[in-house]
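For reference, the chains in residue letters:
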Amino acid sequence: MSGKLESLIIGDLKIKLPIIQGGMGVRVSASSLASAVSNQGALGVIAAVGLGEEDNDNGLNYAQRSTQSFIDTIRQARSLTSNPIGVNVMCALTNYDNLVSAAQDEGIDVIISGAGLPLGLPALIKNKRTKLFPIVSSGRAANIICSTWKRRYARLPDAIVVEGPLAGGHLGYSREELKDPEHFSLENILKDVLEVAGKYTPRIPVVAAGGIYTGADIAKMLKIGASAVQMATRFVCTNECDASLEYKKLYLSSKKEDIVVINSPVGMPGRVIRNKFVERIESGEKIDFQCFYKCLITCDPRKVNYCIAKALVNAYRGDLEHGFAMCGTNAYRIDKIVSVKELIDQLVSQAQEAL
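Calculation rules
- Residues numbered from 1 in each chain as written.
- Predicted model: local features only at pLDDT ≥ 70, side-chain atom pairs only at ≥ 80, totals over all residues.
- Heavy atoms only, no water.
- Helix = DSSP H or I, 4+ residues; strand = E, 2+ residues; numbered from the N terminus.
- Contact = heavy atoms within 4.5 Å.
- Phe/Tyr/Trp six-rings, centres within 6.5 Å; stacked < 30°, edge-to-face > 60°.
- Buried < 20%, exposed > 50% of the residue type's maximum accessible area, 1.4 Å probe, protein only.
- Pairing = 2+ DSSP bridges.
- Axes fitted to C-alpha atoms, helices over the stretch in contact; angles between N-to-C directions.
- Left-handed = near helix turned anticlockwise from the far one by under 90°.
- Nonpolar A, V, L, I, M, F, W, Y, C, P; charged D, E, K, R; others polar.
- Expected span 1.5 Å × (residues − 1).
- Core = buried A, V, L, I, M, F, W, Y, C linked by side-chain atoms within 4.5 Å.

K.L.:
In this structure, what is going on with the side chain of Thr67? I would like to understand it.
P.N.:
Looking at the element boundaries, Thr67 is found in helix H3 (residues 62-80). For Thr67, the contacting residues outside a window of four places in its chain are Asn95, Asn98, Leu99 and Ala102.

Listed below in C-alpha coordinates is the structure:
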(Lines give C-alpha, C1' and ligand atoms only; values in the text may rest on other atoms or scores of the structure.)
Protein backbone atom coordinates (compact mmCIF):
# COMPACT_ATOMS: atom_id res chain seq x y z
CA MET A 1 0.00 0.00 0.00
CA SER A 2 1.33 3.44 -0.90
CA GLY A 3 1.61 6.30 1.57
CA LYS A 4 -1.16 8.17 -0.21
CA LEU A 5 -4.77 7.84 0.87
CA GLU A 6 -6.80 6.29 -1.92
CA SER A 7 -10.21 7.68 -2.86
CA LEU A 8 -13.38 5.72 -2.11
CA ILE A 9 -14.90 5.02 -5.52
CA ILE A 10 -18.25 3.25 -5.81
CA GLY A 11 -19.66 3.29 -9.32
CA ASP A 12 -20.17 6.91 -10.31
CA LEU A 13 -19.53 8.13 -6.75
CA LYS A 14 -16.05 9.35 -5.88
CA ILE A 15 -15.13 10.50 -2.39
CA LYS A 16 -11.65 11.97 -2.66
CA LEU A 17 -10.60 11.06 0.88
CA PRO A 18 -11.60 7.72 2.48
CA ILE A 19 -13.09 9.52 5.47
CA ILE A 20 -16.79 9.68 6.27
CA GLN A 21 -18.05 12.04 8.96
CA GLY A 22 -20.48 10.07 11.10
CA GLY A 23 -24.03 11.32 11.39
CA MET A 24 -24.74 12.92 14.76
CA GLY A 25 -28.19 13.90 15.97
CA VAL A 26 -29.87 15.99 17.13
CA ARG A 27 -28.63 18.66 14.68
CA VAL A 28 -25.01 18.15 15.74
CA SER A 29 -24.18 17.25 12.16
CA ALA A 30 -26.45 19.35 10.01
CA SER A 31 -25.78 21.54 6.99
CA SER A 32 -22.82 23.52 8.35
CA LEU A 33 -20.67 20.58 9.43
CA ALA A 34 -21.63 18.24 6.58
CA SER A 35 -20.90 20.80 3.88
CA ALA A 36 -17.59 21.81 5.47
CA VAL A 37 -16.44 18.17 5.59
CA SER A 38 -17.48 17.57 1.98
CA ASN A 39 -15.69 20.71 0.86
CA GLN A 40 -12.46 19.18 2.16
CA GLY A 41 -12.91 16.05 0.04
CA ALA A 42 -14.30 13.72 2.72
CA LEU A 43 -18.00 12.78 2.94
CA GLY A 44 -20.12 15.04 5.12
CA VAL A 45 -23.22 13.42 6.61
CA ILE A 46 -26.44 15.00 7.85
CA ALA A 47 -28.24 13.16 10.67
CA ALA A 48 -31.97 12.91 10.01
CA VAL A 49 -32.93 12.19 13.61
CA GLY A 50 -34.40 15.02 15.63
CA LEU A 51 -34.78 17.72 13.01
CA GLY A 52 -38.51 18.04 13.64
CA GLU A 53 -38.02 18.53 17.38
CA GLU A 54 -36.35 21.88 16.84
CA ASP A 55 -39.03 23.15 14.47
CA ASN A 56 -42.00 24.59 16.38
CA ASP A 57 -44.37 25.04 13.44
CA ASN A 58 -47.61 23.89 15.06
CA GLY A 59 -49.33 23.70 11.70
CA LEU A 60 -47.57 20.42 10.96
CA ASN A 61 -47.41 17.16 12.87
CA TYR A 62 -44.05 15.79 13.96
CA ALA A 63 -43.51 13.53 10.95
CA GLN A 64 -44.27 16.38 8.56
CA ARG A 65 -42.06 18.84 10.44
CA SER A 66 -39.23 16.34 10.58
CA THR A 67 -39.35 15.53 6.88
CA GLN A 68 -39.61 19.17 5.80
CA SER A 69 -36.77 20.23 8.10
CA PHE A 70 -34.68 17.36 6.72
CA ILE A 71 -35.31 18.55 3.16
CA ASP A 72 -34.42 22.13 4.13
CA THR A 73 -31.18 20.95 5.77
CA ILE A 74 -30.14 18.96 2.70
CA ARG A 75 -30.85 21.93 0.44
CA GLN A 76 -28.88 24.24 2.70
CA ALA A 77 -25.90 21.87 2.62
CA ARG A 78 -26.18 21.59 -1.16
CA SER A 79 -25.98 25.38 -1.39
CA LEU A 80 -22.68 25.28 0.50
CA THR A 81 -20.87 22.48 -1.36
CA SER A 82 -20.81 20.90 -4.81
CA ASN A 83 -19.22 17.70 -3.49
CA PRO A 84 -21.06 14.50 -2.48
CA ILE A 85 -23.27 14.63 0.63
CA GLY A 86 -24.62 11.75 2.72
CA VAL A 87 -27.42 11.34 5.25
CA ASN A 88 -27.84 9.02 8.22
CA VAL A 89 -31.39 7.74 8.74
CA MET A 90 -32.03 5.51 11.77
CA CYS A 91 -34.22 2.45 11.21
CA ALA A 92 -35.90 3.13 14.55
CA LEU A 93 -37.51 6.38 13.36
CA THR A 94 -41.28 6.30 12.95
CA ASN A 95 -41.08 8.31 9.71
CA TYR A 96 -38.15 6.32 8.30
CA ASP A 97 -39.81 5.67 4.95
CA ASN A 98 -40.65 9.34 4.42
CA LEU A 99 -37.13 10.46 5.29
CA VAL A 100 -35.51 7.94 2.94
CA SER A 101 -37.85 9.00 0.13
CA ALA A 102 -37.14 12.67 0.77
CA ALA A 103 -33.38 12.08 0.72
CA GLN A 104 -33.39 10.38 -2.66
CA ASP A 105 -35.84 12.93 -4.09
CA GLU A 106 -33.28 15.58 -3.12
CA GLY A 107 -30.59 13.64 -5.01
CA ILE A 108 -28.60 12.63 -1.95
CA ASP A 109 -25.47 10.66 -2.78
CA VAL A 110 -25.35 8.23 0.16
CA ILE A 111 -27.91 6.94 2.67
CA ILE A 112 -26.32 5.41 5.77
CA SER A 113 -28.75 3.45 7.93
CA GLY A 114 -28.44 1.69 11.28
CA ALA A 115 -30.02 1.48 14.77
CA GLY A 116 -31.55 -1.77 13.60
CA LEU A 117 -31.09 -3.82 10.44
CA PRO A 118 -32.36 -1.89 7.37
CA LEU A 119 -33.64 -5.05 5.66
CA GLY A 120 -36.35 -3.21 3.72
CA LEU A 121 -34.32 -0.19 2.64
CA PRO A 122 -33.86 -1.17 -1.04
CA ALA A 123 -37.65 -1.36 -1.49
CA LEU A 124 -37.78 2.41 -0.84
CA ILE A 125 -35.15 3.27 -3.44
CA LYS A 126 -36.32 4.35 -6.87
CA ASN A 127 -32.94 4.93 -8.52
CA LYS A 128 -29.50 3.37 -8.70
CA ARG A 129 -27.69 6.66 -8.17
CA THR A 130 -28.27 6.81 -4.40
CA LYS A 131 -25.74 4.58 -2.67
CA LEU A 132 -26.82 2.52 0.35
CA PHE A 133 -24.50 1.93 3.32
CA PRO A 134 -26.08 -0.20 6.08
CA ILE A 135 -24.44 -0.11 9.52
CA VAL A 136 -23.67 -3.42 11.22
CA SER A 137 -21.94 -4.51 14.42
CA SER A 138 -21.07 -8.08 13.41
CA GLY A 139 -20.24 -10.31 10.48
CA ARG A 140 -23.52 -12.14 11.12
CA ALA A 141 -25.52 -8.93 10.68
CA ALA A 142 -23.61 -8.13 7.49
CA ASN A 143 -24.40 -11.59 6.13
CA ILE A 144 -28.11 -11.26 6.96
CA ILE A 145 -28.35 -7.91 5.17
CA CYS A 146 -26.42 -9.04 2.10
CA SER A 147 -28.31 -12.30 1.68
CA THR A 148 -31.69 -10.66 2.32
CA TRP A 149 -31.10 -7.77 -0.07
CA LYS A 150 -29.81 -10.10 -2.78
CA ARG A 151 -32.75 -12.49 -2.43
CA ARG A 152 -35.51 -9.91 -2.13
CA TYR A 153 -34.23 -7.04 -4.24
CA ALA A 154 -31.44 -8.44 -6.44
CA ARG A 155 -29.01 -5.85 -5.09
CA LEU A 156 -26.28 -5.59 -2.50
CA PRO A 157 -25.08 -2.80 -0.22
CA ASP A 158 -22.83 -0.32 -2.00
CA ALA A 159 -20.68 -0.36 1.13
CA ILE A 160 -21.04 -1.70 4.66
CA VAL A 161 -20.24 0.40 7.74
CA VAL A 162 -19.01 -1.79 10.60
CA GLU A 163 -19.29 0.03 13.93
CA GLY A 164 -17.23 -1.21 16.86
CA PRO A 165 -18.09 -0.93 20.56
CA LEU A 166 -16.02 2.23 21.14
CA ALA A 167 -18.38 4.33 19.02
CA GLY A 168 -20.50 7.20 20.25
CA GLY A 169 -24.25 7.47 20.53
CA HIS A 170 -26.38 4.35 20.28
CA LEU A 171 -24.50 1.05 20.23
CA GLY A 172 -25.47 -2.24 18.64
CA TYR A 173 -24.05 -4.23 21.54
CA SER A 174 -25.35 -5.53 24.85
CA ARG A 175 -23.95 -4.32 28.15
CA GLU A 176 -22.18 -7.68 28.53
CA GLU A 177 -20.55 -7.39 25.11
CA LEU A 178 -19.33 -3.88 25.90
CA LYS A 179 -17.50 -5.34 28.92
CA ASP A 180 -15.51 -7.67 26.63
CA PRO A 181 -13.51 -5.23 24.47
CA GLU A 182 -10.95 -7.83 23.40
CA HIS A 183 -13.44 -10.22 21.81
CA PHE A 184 -15.63 -7.46 20.41
CA SER A 185 -12.84 -5.18 19.22
CA LEU A 186 -13.34 -3.25 16.00
CA GLU A 187 -10.35 -5.05 14.49
CA ASN A 188 -11.91 -8.48 15.07
CA ILE A 189 -15.38 -7.47 13.90
CA LEU A 190 -13.92 -5.70 10.86
CA LYS A 191 -12.19 -8.91 9.79
CA ASP A 192 -15.47 -10.83 10.13
CA VAL A 193 -17.32 -8.29 7.99
CA LEU A 194 -14.51 -8.21 5.41
CA GLU A 195 -14.91 -11.98 5.08
CA VAL A 196 -18.61 -11.55 4.30
CA ALA A 197 -17.94 -8.67 1.88
CA GLY A 198 -15.32 -10.75 0.08
CA LYS A 199 -17.87 -13.39 -0.90
CA TYR A 200 -19.29 -11.06 -3.52
CA THR A 201 -17.91 -9.89 -6.86
CA PRO A 202 -16.95 -7.14 -6.91
CA ARG A 203 -16.09 -7.15 -3.21
CA ILE A 204 -18.30 -4.84 -1.17
CA PRO A 205 -16.29 -1.96 0.31
CA VAL A 206 -16.22 -1.93 4.11
CA VAL A 207 -16.05 1.24 6.22
CA ALA A 208 -14.57 0.92 9.74
CA ALA A 209 -16.09 3.01 12.53
CA GLY A 210 -16.01 3.37 16.29
CA GLY A 211 -13.09 4.73 18.31
CA ILE A 212 -11.02 5.91 15.35
CA TYR A 213 -9.31 9.07 16.55
CA THR A 214 -5.98 9.71 14.80
CA GLY A 215 -4.59 9.41 11.30
CA ALA A 216 -2.61 6.43 12.56
CA ASP A 217 -5.93 4.78 13.49
CA ILE A 218 -7.17 5.43 9.96
CA ALA A 219 -4.04 3.83 8.51
CA LYS A 220 -4.45 0.80 10.77
CA MET A 221 -7.98 0.14 9.53
CA LEU A 222 -6.97 0.59 5.89
CA LYS A 223 -4.12 -1.88 6.36
CA ILE A 224 -6.54 -4.47 7.76
CA GLY A 225 -8.64 -4.10 4.62
CA ALA A 226 -11.17 -1.33 5.16
CA SER A 227 -11.81 0.91 2.16
CA ALA A 228 -12.59 3.93 4.34
CA VAL A 229 -13.30 4.97 7.92
CA GLN A 230 -16.16 6.77 9.59
CA MET A 231 -15.42 9.29 12.35
CA ALA A 232 -17.90 11.36 14.33
CA THR A 233 -16.53 12.44 17.72
CA ARG A 234 -13.50 14.21 16.24
CA PHE A 235 -15.76 16.54 14.27
CA VAL A 236 -17.76 17.87 17.24
CA CYS A 237 -15.11 20.33 18.36
CA THR A 238 -14.82 22.09 15.03
CA ASN A 239 -15.84 25.64 14.27
CA GLU A 240 -18.33 24.41 11.70
CA CYS A 241 -20.10 21.82 13.87
CA ASP A 242 -23.75 22.78 14.22
CA ALA A 243 -23.92 22.19 17.99
CA SER A 244 -23.76 25.01 20.52
CA LEU A 245 -20.48 26.21 21.99
CA GLU A 246 -21.62 24.89 25.39
CA TYR A 247 -21.96 21.42 23.86
CA LYS A 248 -18.41 21.59 22.53
CA LYS A 249 -17.07 22.90 25.83
CA LEU A 250 -18.47 19.82 27.57
CA TYR A 251 -16.24 17.71 25.33
CA LEU A 252 -13.23 19.90 26.12
CA SER A 253 -13.75 19.69 29.87
CA SER A 254 -14.51 15.96 29.99
CA LYS A 255 -12.21 13.39 31.57
CA LYS A 256 -11.86 9.72 30.71
CA GLU A 257 -14.01 8.67 33.66
CA ASP A 258 -16.80 11.00 32.46
CA ILE A 259 -17.43 8.85 29.37
CA VAL A 260 -20.20 6.43 30.40
CA VAL A 261 -22.80 4.12 28.90
CA ILE A 262 -26.45 4.66 29.78
CA ASN A 263 -29.73 2.95 28.90
CA SER A 264 -31.50 4.80 26.12
CA PRO A 265 -35.25 4.81 25.47
CA VAL A 266 -34.30 3.60 21.98
CA GLY A 267 -33.68 0.22 23.58
CA MET A 268 -29.93 0.27 23.09
CA PRO A 269 -27.01 1.31 25.28
CA GLY A 270 -25.81 4.83 24.54
CA ARG A 271 -22.42 6.39 25.21
CA VAL A 272 -22.55 9.91 26.66
CA ILE A 273 -20.60 12.41 28.74
CA ARG A 274 -21.71 12.23 32.37
CA ASN A 275 -23.21 15.41 33.82
CA LYS A 276 -25.86 16.15 36.44
CA PHE A 277 -28.68 15.27 34.06
CA VAL A 278 -27.09 11.89 33.29
CA GLU A 279 -26.69 11.24 37.01
CA ARG A 280 -30.40 11.95 37.49
CA ILE A 281 -31.53 9.47 34.84
CA GLU A 282 -28.98 6.88 35.95
CA SER A 283 -30.47 7.03 39.44
CA GLY A 284 -33.86 6.16 37.94
CA GLU A 285 -35.38 9.59 38.50
CA LYS A 286 -38.46 10.18 36.38
CA ILE A 287 -37.96 13.35 34.36
CA ASP A 288 -41.41 14.77 33.69
CA PHE A 289 -42.17 15.09 30.01
CA GLN A 290 -44.92 14.93 27.46
CA CYS A 291 -44.25 13.00 24.28
CA PHE A 292 -44.91 15.45 21.47
CA TYR A 293 -42.82 13.56 18.95
CA LYS A 294 -43.49 9.81 18.88
CA CYS A 295 -40.28 9.76 16.90
CA LEU A 296 -38.96 6.31 17.80
CA ILE A 297 -40.66 3.01 17.05
CA THR A 298 -38.89 1.37 19.99
CA CYS A 299 -39.74 3.99 22.63
CA ASP A 300 -42.78 3.60 24.90
CA PRO A 301 -43.28 6.95 26.71
CA ARG A 302 -45.21 5.18 29.47
CA LYS A 303 -42.23 3.03 30.41
CA VAL A 304 -39.19 5.33 30.09
CA ASN A 305 -37.98 7.84 32.67
CA TYR A 306 -36.94 10.60 30.27
CA CYS A 307 -37.42 11.80 26.70
CA ILE A 308 -34.22 11.39 24.73
CA ALA A 309 -35.46 13.66 21.94
CA LYS A 310 -36.01 16.51 24.37
CA ALA A 311 -32.70 15.84 26.15
CA LEU A 312 -30.74 15.99 22.90
CA VAL A 313 -32.55 19.09 21.66
CA ASN A 314 -31.68 20.81 24.93
CA ALA A 315 -28.04 19.74 24.63
CA TYR A 316 -27.77 20.96 21.04
CA ARG A 317 -29.06 24.34 22.19
CA GLY A 318 -26.58 24.42 25.07
CA ASP A 319 -29.01 23.66 27.91
CA LEU A 320 -26.98 20.87 29.50
CA GLU A 321 -28.86 21.08 32.78
CA HIS A 322 -31.70 19.37 30.94
CA GLY A 323 -29.80 17.26 28.44
CA PHE A 324 -26.57 15.42 27.64
CA ALA A 325 -24.01 15.07 24.88
CA MET A 326 -23.46 11.77 23.15
CA CYS A 327 -19.85 10.91 22.35
CA GLY A 328 -17.34 8.25 21.44
CA THR A 329 -14.86 6.68 23.86
CA ASN A 330 -12.10 9.14 22.94
CA ALA A 331 -14.05 12.38 23.44
CA TYR A 332 -11.95 13.30 26.50
CA ARG A 333 -8.82 13.44 24.32
CA ILE A 334 -10.02 16.53 22.45
CA ASP A 335 -8.42 19.68 23.85
CA LYS A 336 -9.30 22.47 21.44
CA ILE A 337 -11.73 23.68 18.81
CA VAL A 338 -10.31 23.76 15.28
CA SER A 339 -11.58 24.23 11.75
CA VAL A 340 -12.71 21.23 9.73
CA LYS A 341 -9.90 21.94 7.28
CA GLU A 342 -7.29 21.92 10.02
CA LEU A 343 -8.63 18.65 11.44
CA ILE A 344 -8.78 16.84 8.11
CA ASP A 345 -5.34 18.10 7.06
CA GLN A 346 -3.94 16.73 10.31
CA LEU A 347 -5.68 13.36 9.93
CA VAL A 348 -4.52 12.97 6.33
CA SER A 349 -0.93 13.90 7.19
CA GLN A 350 -0.86 11.43 10.10
CA ALA A 351 -2.45 8.67 8.03
CA GLN A 352 -0.07 9.08 5.12
CA GLU A 353 2.90 9.03 7.45
CA ALA A 354 1.62 5.83 9.10
CA LEU A 355 1.05 4.18 5.72
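Structure's up, so let's keep going.
K.L.:
Would you mind going over the packing of aromatic side chains with me for this structure?
P.N.:
Any pair of aromatic rings gets described here by the distance separating the centres and the angle formed by the planes. Scanning the entire structure with this criterion turns up five aromatic pairs. With a centroid separation of 6.1 Å and 40 degrees between ring planes, the pair formed by Phe277 and Phe324 is classed as tilted. A residue pair is termed long-range when its members are at least 10 positions apart, and Phe277 in helix H10 (residues 276-282) and Phe324 in the loop between helix H11 (308-317) and helix H12 (340-354) qualify at 47 residues. Across the pair, exposure class does not vary: Phe277 and Phe324 are buried alike. On the basis of an interplanar angle of 70 degrees and a centroid distance of 6.1 Å, the ring pair of Tyr306 and Phe324 is categorised as edge-to-face.

K.L.:
Teacher, can you tell me more about the sheet that holds strand S8 (residues 160-163) here?
P.N.:
Where strands meet in a sheet, backbone hydrogen bonds hold them as pairs that are either parallel or antiparallel. If you trace the eight strands from one edge of the open sheet to the other, you get S3-S11-S10-S8-S7-S6-S5-S4, paired in parallel fashion. Two strands lie at the open edges of the sheet, namely strand S3 (19-21) and strand S4 (44-47), each paired on one side alone. Averaged over all pairs of adjacent strands, the angle between their axes in this sheet comes to 25 degrees, without regard to strand direction. By the bridge criterion, four bridges tie S8 to strand S10 (residues 206-209) in an arrangement that is parallel. Counted as the bridge partner of Val162 is Ala208 from S10. Lying on the sheet, helix H1 (residues 31-39) is in contact with S3, S4 and strand S5 (85-88); it crosses S4 at an angle near 165 degrees.

K.L.:
Which parts of the structure should I look at to understand the packing of helix H7 (residues 186-197) against helix H8 (residues 215-224)?
P.N.:
Each pair of packed helices can be described by the angle between their axes along with the distance between the axes. Where H7 meets H8, the closest approach of the two axes is 10 Å, and the angle between their N-to-C directions is 35 degrees. H8 is crossed by H7, and the crossing has right-handed handedness. Facing Leu186, Glu187, Leu190, Lys191 and Leu194 of H7, the residues of H8 in contact are Lys220, Met221 and Ile224. For the contact of H7 with H8, the residue count by class is five nonpolar, no polar and three charged.

K.L.:
Honestly, helix H5 (residues 139-153) in this entry has me stumped. Any pointers?
P.N.:
For an α-helix the count is 3.6 residues per turn, leaving residues at separations of three or four pointing the same way. For H5, with 15 residues, the first-to-last C-alpha span of 21 Å sits near the 21 Å given by 1.5 Å per residue. Buried residues of H5: Gly139, Ala141, Ala142, Ile145, Cys146, Thr148 and Trp149, and no others. Positive phi shows up at Ala154, right after H5, with a value of about 55 degrees.

K.L.:
Where do I start with the nonpolar core in this structure?
P.N.:
Among soluble globular proteins, nonpolar side chains are generally buried collectively. Phe70, Val89, Phe235, Tyr251 and Phe324 are the most contacted members of the largest nonpolar core, which has 117 residues in total. Ranked by residues supplied to this core, first place goes to H7 with seven residues. Sequence-distant contacts of Phe235, defined by excluding residues within four places in its chain, comprise Ile19, Gln21, Met24, Leu33, Val37, Cys241, Val340, Leu343 and Ile344. In terms of nonpolar packing, the next biggest core, distinct from the first, is built from 16 residues, Leu43, Val110, Ile135 and Ala228 among them.

K.L.:
Explain the sheet that holds strand S13 (residues 269-273) here, please?
P.N.:
One open sheet holds the three strands; their spatial order is S9-S13-S12, and the pairing between them is antiparallel. For this open sheet the edge positions go to strand S9 (169-170) and strand S12 (259-263), each flanked by a neighbour on one side alone. As defined by bridge partners, S9 adjoins S13 across two bridges and the pair is classed as antiparallel. Each bridged residue has a counterpart across the sheet, and for His170 the counterpart in S13 is Gly270.

Remember, this is a structural readout, not a statement about activity or role.
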